[in-house]
Every structure is written in C-alpha cells, then in structure tokens.
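What follows is each chain in one-letter form.
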Amino acid sequence: MSVHVSTLQARISGESTASSPLSTEEYFVNMGPQHPSTHGVLRLVLRLDGETVREVVPVLGYIHRGIEKMGEHGNYRQFVHLVDRMDYLSALANNWAVTMVVEKAAKMETTERIQAIRTLVCELQRIQSHLLWWGVFGMDLGGFTPFFYGLREREQICDIFEKTIGARLTMNYIQPGGVMFDIHPEFVKDVKAFISYLKPKLVEYDALVTDNVIIQERIRGIGKLSAERAIALGATGPVLRASGVAHDLRKSEPYGVYSQLDFDVPVGKDGDCWDRYWVRMEEMRQSVRMIEQLIDNIPEGKTFMVKPAAKIKVPAGVHYSHLETARGILGVLLVSDGKEAPYRIHCRTPNFNNLWCIGEMATGGRMGDLVAMLSSIDIVVPDIDR
Amino acid sequence: MDALNLIAAVQALQPDAKVREQTDQPTLIVPAHALVALARQLRDDPTLRFDLLETHTAVDWLDEDRFELLYLLASVPLGHHLTLSVSIDRDEPVVPTLCEVYPIAQWLEREVYDMFGILYDNHPDLRRLFLEDDWVGFPLRKDYEDDFMLERPE
Amino acid sequence: MGVITDKLPGVLEPVPGGSVLLTAVDQLINWSRSNSLWPLTFGTSCCAIEVMMATGAARHDLARFGAEVARPSPRQADLLVIAGTIVKRMAPRLRTLYEQMAEPRYVMATGSCAICGGPFMYHSYTTVRGADEIIPVDVYVPGCPPRPEAFFYGLLTLQKMIKEGESIRHPGERRRPVLAALPEGMTLDDIRKEMQDLLSHDANVNMAAAVAEGARYSSELKDF
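Please read all numbers here as calculations on a predicted model, not as lab measurements. (Residues numbered from 1 in each chain as written. Chains lettered and ligands numbered in written order. Predicted model: local features only at pLDDT ≥ 70, side-chain atom pairs only at ≥ 80, totals over all residues. Heavy atoms only, no water.)

Engineer: Looking at this structure, I do not really get the overall build of chain A. What am I missing?
Structural biologist: Looking only at helices and strands, one finds 16 helices and 8 strands in chain A. For chain A, with 386 residues in total, the buried portion stands at 66%. A fraction of 71% describes how many contacts in chain A between residues 6 or more apart in sequence connect residues 24 or more apart. (Helix = DSSP H or I, 4+ residues; strand = E, 2+ residues; numbered from the N terminus. Buried < 20%, exposed > 50% of the residue type's maximum accessible area, 1.4 Å probe, protein only. Contact = heavy atoms within 4.5 Å.)

In structure tokens:
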C-alpha cells in the first residue's frame, strides 16, 4: 500500500530534466488566476522548455464555492438557482438537469408544452453560448471584431429571454414540475424574427472568420486530441465530437422533445482546434434547424404541474440523470434519504472533464498556441470549481 | 444491453457483486479489492465496453459509519450505463485507484480526496484539488465543522 | 505666469515655505480622472459576462463613458470592478491586485456575491461574504448579475463621486461608499434619459465655474 499525499509546492518544484549540455533548462511559468485569456480565474502552471510546453498543471479552486455542500442544506427548489451560477452560459440547461433528476425520482408528470418550451429555450441558449464563445475565441486569437459581432447577436437572444423569463443570464426558469412562466405572447414572433436575422449572419461569420486564411493557418493542426484519449479523459460535448465521436445525448438518449426533431450531430475528423471551431459553428446551424421545426408547433397545455410552493419529496435512493449542455454532459447525482433536502447532491460538470484535455493537447506544443487550445475547449471556470 | 442482462453479465465476471437496491440505474456493490480488476474487464469486454467513467463521487453515510463510493460508467459505442458502488470503513478510508483504467479518475479521485478525505492507494498525484494544501478537514463529510460557515436563519 | 498657469484655469497660490500649489486644477484633474477610468479585466464568475463583456460590446458600449480601455495588468488600471464571487483562495490574490494598482484607485463591487456573498452566503465554507472584507469598496452595484444599465448607473455614481471628492490638497480623503441601487419605480427609459443628460452635461467642463471657484479660494487664502 502506498498512499502519499502531495502538495502543489512539491508538484511544481521538480528537478530539471535537462539531459545534455546543449539542452535548455526547463522552467515554470505561472499563468493566472488573473489572466485575460483563462476565462475567469483558472490558473495554469506551465513547465516550459524554451517555447515548448512540457507539462500543464491546472490549479483549481479560485472560485470553489461549495455548491454541493450548500445543496445539502436546502430543498430541491433552492438548489435549482444555485446551478445557474455554475455554467452561467448554459443556465437553462443546468436548471433542466436538476429538474430532470428530481422529476424522474419523484415521478412528477409534465406536459408536452413544458417539454417543448424547455427544448426551445435551451436551444436558444446553446446558440447564445456558442455566439459568445465565437466572439471570445476571436478575441483570444487577437481579432477584436468577432467579439462585437457575437455579442451583438447575443443581445437579441437576451432580449427574447428577458421578455419571457425576466433575466438575461441566470434564469432559474425551468423548475421541478414545469417552467416558471408561460412564454410571452410575442415570444414566437421574436424568435422567428431572430432566426431570420441570424441565418445570414452565420454566413457572414464564415466569410469573416471561418474562411479566413489567417484563422485557418492559426488553428489547423494544433491541439490534437484523439478519439480514444478524449473518451479516456472523459471529454464530452463539442470537444469529444470534434475528435470524431458522434456522442450526443440529444440523439442517443433523447430527452425533452428532441426525439421528434430532425437534426444532425456534427462530427470532426482530427480533433484539432479547427475541428472544435467547426463543430460549434455547425451546432449553431443545427440549433437553428431545431428551433425552426419547433417554433410553430408548441403544443397547448399547462406550464406548471404542481403549485410553486409545493414541497417535493424524493424517495430514498440514488438517482442520476444527465443531459447535453452547450459544453457537454451535465449529470446530476442525487442521493436522497426521503427527506425534503437531498442527502448528497453531486454535479458531473462538462467543463471539469474537458479541462484535463488541455494537458494532452498542449504537451509538446508551442506556448503561443496554448491560448487558442484553451479557448477552443470553451471553458467556464465556475463550472469546474462549483 | 438492458439492465437485467447487464447485471447478469457483470456478475458472471465478478460473482461477489451484489445488486444495490433503490437506484434508477443498474448498480452493483463490489468489494474494494476487486474494483480495479473488474473495471478493467468491464472496459475491455467487447460486449460491455464501458469506456467512459462519467463521474465518480462519494457519499458519507455517517450513521452506518461508512463511505459509499460511486463509479458511474457509461459506454459511448453501446450506450448503456452501470454504477459500481464500493463501501469502505469510515475510520480507514483507503481504496485502490482507478487511474490506470480510466485516466480521468486521477482528477475525480483528487476531488473526492479533497472533499471526503478518501485515500487512494497508488494514486500518482494525490493532493487537494479545490482547497489550499493546508486546509483542515474535509468539507463534504457530514461531521465537518467550520466556524466560518453561517447557518441560514429560519 | 508660466505656461501651465496660462493654459489651465488655475491660480498660483502662495504657500508658507515658498513653494506654490495649483488649486483649481483639482476640478480639471478630477474631471479627467473620472472620464478616463481604466478598468482592470478582472472577472471571477457570472457578473463578468454582464459587467465586463456585455457592457464592452456594441449595444451597451462602455466607451461612451470613457472606461473602455480594459487593462489586464493592475499596474495600468485604476478601476477594479469586482465581478463575481470571491472565495477564500482568491482573497489574497484580490488583495495583491488591489495593492498593485497605482493611486488613485477605485473599486466597484458588482453583484450580490461581491457585496455580501449573495446566494452563497449561507452554508458555504469558502465564500467571502463581501469583497469589502478584503479591500475598501467605493461603489456597490446590486443585482445577480446586475444589468449593464445598472452597472452604468454605478459607474456614473463613481464618476460623480470622483468629481466631488478627493482633492490634491487632501489626498486619500474619499466620500463614504455609495450603494448605487437604481431608485424604485425607475424605468429603463428613465435611466437612458438620465444617462444622456449626464453625458451631455459631463461633455463640457465648466471652465467659468472652475475659474470662479479658484478665484474665490485664492481670495480666501489672502486672509491667510
């Protein structure tokens, strides 16, 4: 038996591995937690040999808020608004993940209308999240224009959400037993107007960035991740699909009304930064397709099945369910002892697993490409730390 | 593969595995010493192919004086799920690591060590993940006490 | 009179000991400081999207208020916007960032987390309950997260505070912190109108008033 508890200090103060007198000395560079391109407060300790990255040691916990502990002290409804603040760019999908496991465990029934609305707003938010990623990706590569373009379109989605939900970012909309409010009377009109506005814009994005030689030269062939390693590292979402694995819970284990929708799962070939870029751009188009199919066919029915203040009790046992957010599989594990508060609640967050791929991608690559790789994983740090 | 066939197939590999009640996914209770060998078989068996360790976490059953470790396995090509449950003594929380079978376990286990203080035998880099190295206590244990924490007034 | 005093609406002020001090330049300095705040790109969680990104983008356009020059290095920034939760592990880093900023420096706490811990106040073993436990805060902007308009309201509050506040005569003396909560019953149109008024008002520094103020002050000093 050999259990040895190490420390960060011991981890990053290793002996130099320079073997020949001609080889350069390796050194550590600290990146973050305050760094403009780590998307929050991620800290990476890099072991470098000149410009070549030998090792990436992510150091976490700069936004660890203890959401799982707090979940044990509140009821199920109170946990929903906490997960908003994990992956805030997929707040609705986070709400839905908790809602899904509670509804499944407590055997609550929902209507077709509830499921259709949930699907619709989640797909809108997927576009919103990818637009923001696209803008920030461009900015990380040194071009400021995509940021303005992406955020401009994102504001329109925010307006649609604001009319129905009342919030722009942290929604708390999808609740166990339904959705908070029915959709706004102008929702359908607004979404249609937005979709017809967005479609030519996506073509414009391709002309501006996707087909740009500089961008292609910059991100093709760097940060490669093979399919086997992606699965072994637990990557999901666009990161996994870019490596050529068509694993999408919307297709393989349909929830909501995804089974009635016709859409494709875009898959990459090499798993490099370019593939991850392309997969996300293509996912936006697929989301547009889904919204177009759904927007005229929202069934009638109730939008809340239980009273908003009703106490929810979940039978004792282990319950798990998962769904596909904009970044991958978000699973919620719920251990109940039959009381009003969960005995233990754990979130399997997509960013946590996706982050570790950076070690695989960056090792042996150039220091200057690291930011592009990090940006192509599309990390939201509070979702890693929780 | 449906739940009953799956359980039968795993029990053929590991006869000691018992079915855990009160779960919505097929769940098997496995003795700690058999964990690594079973996981490797589950990953490599062509009819099972559990290649994705979806998540790993622990539950502190304070009244029963044990930790329950849950390993949620999934198969990307075949699309089925299986949960392994390992119970260990609360006073001596040591289990073998799954790092060699599933590389992602390295970080998932570090998180569980950070939150529950469970020690992983043969883990290559066991240290705290979210909290500082000098943090005292393991926050997600049910008996964790911290003067800093505020109770919500009723 | 030298070049500086010819160009600037100040007066030369005799000080016992022989040196001179420019007084009414205060107003000009404060005006220029308030209108060219350089924020530090610092965001820990959700508020960063609303407060740092959405405000900087085309629709809301932080540049209207002269605060769009976001700097990644604290040494080049003078406005620290705490956008998001601060946890124990981040707290010393935040303090370091604040210490590294050059004086005069201003701090805005945006969002409930930075004000009091917000939704993570209870039962959290790491969340710091308010950024003001670590560094002094000038303006608080409530919201979870605050809308970009609410952030602008806070920014304008800060600008007002800078203009009225510190002088080179009493460096380091500040007004008390302000809670820049939007008044109740205020609509979006009201905010936009107020912003326009403020912007058009702030676009011109009142030179005549500055000169008059300087003259009044120097006449007071004559008695001294």
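Engineer: Please explain the interface of chain C and chain A as it appears in this structure.
Structural biologist: Many authors give the size of an interface as the accessible area that is lost as the parts come together. If you look at the interface, chain C gives 35 residues, while chain A gives 38 residues. Surface buried jointly by chain C and chain A totals about 3,100 Å² across both partners, of which 64% is contributed by carbon and sulfur atoms. Between D159 of chain A and R59 of chain C there is a salt bridge, with its nearest N and O atoms 2.9 Å apart. Counting across the chain C and chain A interface gives 12 residue pairs in polar contact (both at pLDDT 80 or more). Broken down by class, the residue content of the side of chain C that touches chain A amounts to 19 nonpolar, 11 polar and 5 charged. (Buried area = accessible area lost by both parts, 1.4 Å probe. Salt bridge = Lys/Arg side-chain N within 4 Å of Asp/Glu carboxyl O. Polar contact = N/O pair within 3.5 Å; in protein donor to acceptor, adjacent residues only side chain to side chain. Nonpolar A, V, L, I, M, F, W, Y, C, P; charged D, E, K, R; others polar.)

Engineer: It is not clear to me how the packing of aromatic side chains should be interpreted in this structure. Could you clarify?
Structural biologist: The description of an aromatic ring pair rests on the distance of the ring centres and on the angle between the ring planes. Applying the stated criterion across every chain, the model contains 21 aromatic pairs over all chains. Taking 6.1 Å as the distance between ring centres and 75° as the angle between the ring planes, the aromatic pair formed by Y144 of chain B and Y125 of chain C counts as edge-to-face. With Y144 of chain B in the segment after β7 (119-121) and Y125 of chain C in the loop between α5 (112-116) and β5 (139-141), the pair connects residues from two separate chains. Y125 of chain C matches Y144 of chain B in its accessibility class, with the two residues each being buried. Taken together, the ring pairs connect W96, Y255, Y258 and F263 of chain A into an aromatic cluster. Here the guanidinium or amino end of R152 of chain A rests over the ring plane of Y149 of chain A, the centre of that ring lying 4.8 Å away. Lying over the aromatic face of F148 of chain B, K88 of chain C brings its terminal NZ or CZ to 4.0 Å of the ring centre. (Phe/Tyr/Trp six-rings, centres within 6.5 Å; stacked < 30°, edge-to-face > 60°. Lys NZ or Arg CZ within 6 Å of the ring centre and 35° of its normal.)

Engineer: Looking at this structure, I do not really get the nonpolar core. What am I missing?
Structural biologist: Nonpolar side chains in soluble globular proteins tend to end up buried together. One finds Y173 of chain A, L69, L84, Y102 and I118 of chain B together with L80 and I82 of chain C to be the most contacted residues of the largest nonpolar core, which totals 195 residues. The dominant element in this core, judged by the number of residues it contributes, is helix α5 (residues 112-140) of chain A, at 12 residues. With residues near it in sequence (within four places) discarded, Y102 of chain B still touches A232 of chain A together with A39, R43, F50, D51, L52, L53 and L73 of chain B. Ranked by size, the runner-up nonpolar core spans 23 residues in total, among them L37, L79, V81 and V139 of chain C. (Core = buried A, V, L, I, M, F, W, Y, C linked by side-chain atoms within 4.5 Å.)

Engineer: I'm lost on unusual backbone geometry in this one. Help?
Structural biologist: Negative phi values dominate among residues other than glycine, just as trans dominates among peptide bonds. In this structure, P145 of chain C follows C144 of chain C across a cis peptide bond, with omega equal to -10°. By the secondary structure assignment, P145 of chain C is in the loop between β5 and α6 (148-164). Positive phi, normally seen in glycine, also occurs at D65 of chain B, with a value near 60°. Along the polypeptide, D65 of chain B turns up in the loop between β3 (52-61) and β4 (66-74). Judged by relative accessible area, which is 35%, D65 of chain B ranks as partly exposed.

Engineer: Help me out: how do you make sense of the pairing of β4 of chain B in this one?
Structural biologist: It is a general feature of regular strands that their side chains alternate between the two faces of the sheet. Residue and element names in this part refer to chain B. For β4, the tally of buried residues reaches 8 of 9 residues, placing the bulk of the element in the interior. Looking at chain direction, β3 and β4 are connected through 9 bridges and run antiparallel. Residue W61 lies in a different strand from β4, and its bridge partner there is R66. What sits between the antiparallel neighbours β3 and β4 is a turn of 4 residues, in which D65 has the positive phi angle 60°. Linking two consecutive strands that pair antiparallel, namely β4 and strand β5 (residues 81-89), is a turn of 6 residues; a positive phi of about 75° is found at G79 within it. (Pairing = 2+ DSSP bridges.)

Engineer: In this structure, what is going on with the interface of chain A and chain B? I would like to understand it.
Structural biologist: Contacts between the two partners involve 47 residues from chain A and, on the opposite side, 50 residues from chain B. Summing both sides of the interface, chain A and chain B together bury roughly 4,200 Å²; the carbon and sulfur share of this comes to 59%. Area buried by chain A at its contact with chain B is led by K69, V318 and Y343 of chain A, which between them contribute 15% of it. Scanning the region where chain A abuts chain B turns up 3 salt bridges.

Engineer: Sorry, what's going on with the sheet that holds strand β7 (residues 329-336) of chain A here?
Structural biologist: Hydrogen bonding along the main chain pairs the strands of a sheet, whether they run parallel or antiparallel. Residues and elements named next belong to chain A. Spatially, 3 strands are ordered β6-β7-β8 in an open sheet, and the strand pairing comes out antiparallel. In the strand order of this sheet, the two ends are held by β6 (317-324) and β8 (344-348), each with one partner. Across this sheet, the average inter-strand angle for adjacent strands is 10°, counted without regard to direction. Of the strand pairs in this sheet, β6 and β7 are connected by 8 bridges, and their pairing is antiparallel. Paired with E324 across the two strands is I329, which belongs to β7. (Axes fitted to C-alpha atoms, helices over the stretch in contact; angles between N-to-C directions.)

Engineer: Is there a simple way to think about the layout of surface pockets in this case?
Structural biologist: Picture a little ball the size of a water molecule; that probe, rolled over the atoms, points out where space is still empty. Each pocket or cavity is described by its volume, and for the largest pocket that value is around 880 Å³. Elements with a minimum of two residues in the lining of the largest pocket: α5 and α6 (145-164) of chain A together with α3 (46-54) of chain C. (1 Å grid on protein atoms, 1.4 Å probe; cavity = no way out; pocket = protein on both sides within 12 Å on 5 of 7 lines; lining within 4 Å. Points joined across faces, edges and corners; volume = space filled by probe spheres on them.)

Engineer: Honestly, α3 of chain C in this entry has me stumped. Any pointers?
Structural biologist: Every α-helix carries 3.6 residues per turn, so stepping three or four residues along brings you back to the same face. The element α3 of chain C is largely enclosed, with a buried count of 9 among its 9 residues. Inspection of α3 of chain C places C46, C47, A48, I49, E50, V51, M52, M53 and A54 of chain C among the buried residues, and these make up the whole buried set. Turning to α3 of chain C, the residues buried within the fold contact α5 and α6 of chain A together with β3 (79-83), β4 (106-110) and α6 of chain C.

Engineer: Would you explain the environment of G111 of chain C in this entry?
Structural biologist: Residue and element names in this part refer to chain C. The topology assignment puts G111 in the loop between β4 and α5. A C-alpha to C-alpha distance of 9.5 Å links G111 and R147, two positions 36 residues apart in sequence. Residues contacting G111, with those up to four places away along its chain left out, are C47, V141, G143 and P146.

Engineer: Hey, could you run me through the packing of helix α3 (residues 76-84) of chain A against helix α4 (residues 91-106) of chain A in this one?
Structural biologist: Packed helices, taken two at a time, are described by the angle their axes make and the gap between the axes. Residue and element names in this part refer to chain A. Viewed as axis vectors pointing N to C, α3 and α4 meet at an angle of 155°, and their least axial separation amounts to 8 Å. The angle between α3 and α4 falls in the class roughly antiparallel. As for how α3 packs across α4, the hand of that crossing is right-handed. Contacts from Y76, F79, V80, V83 and D84 of α3 reach α4 at A91, N94, N95, V98 and V102. The class makeup of the residues in the contact of α3 with α4 is 7 nonpolar, 2 polar and 1 charged. (Parallel < 35°, antiparallel > 145°, perpendicular 65-115°, else oblique. Left-handed = near helix turned anticlockwise from the far one by under 90°.)

Engineer: Teacher, can you tell me more about the packing of α4 of chain A against α5 of chain A here?
Structural biologist: Residues and elements named next belong to chain A. Interaxial distance between α4 and α5 falls to 8 Å at its minimum, and their mutual angle equals 150°. The way α4 lies across α5 gives a crossing that is left-handed. Here A91, L92, A93, W96, T99 and E103 of α4 lie close against α5, whose contacting residues are Q115, R118, T119, V121, C122 and Q125.

Engineer: Help me out: how do you make sense of the sheet that holds strand β3 (residues 52-59) of chain A in this one?
Structural biologist: Residues and elements named next belong to chain A. Reading across the sheet, the 3 strands line up as β1-β2-β3 and stay open at both edges, with antiparallel pairing between neighbours. Of all the strands in the sheet, the pair left with one neighbour each is β1 (27-31) and β3. Each strand axis lies, on average, 25° off the axis of its neighbour in the sheet, ignoring direction. Pairing analysis gives 7 bridges linking strand β2 (residues 43-49) to β3, with the strands arranged antiparallel. Note that in β3 the partner of R47 across the bridge is E55. Strands β1, β2 and β3 of the sheet are contacted by helix α15 (residues 367-377), whose axis makes an angle of about 150° with β2.

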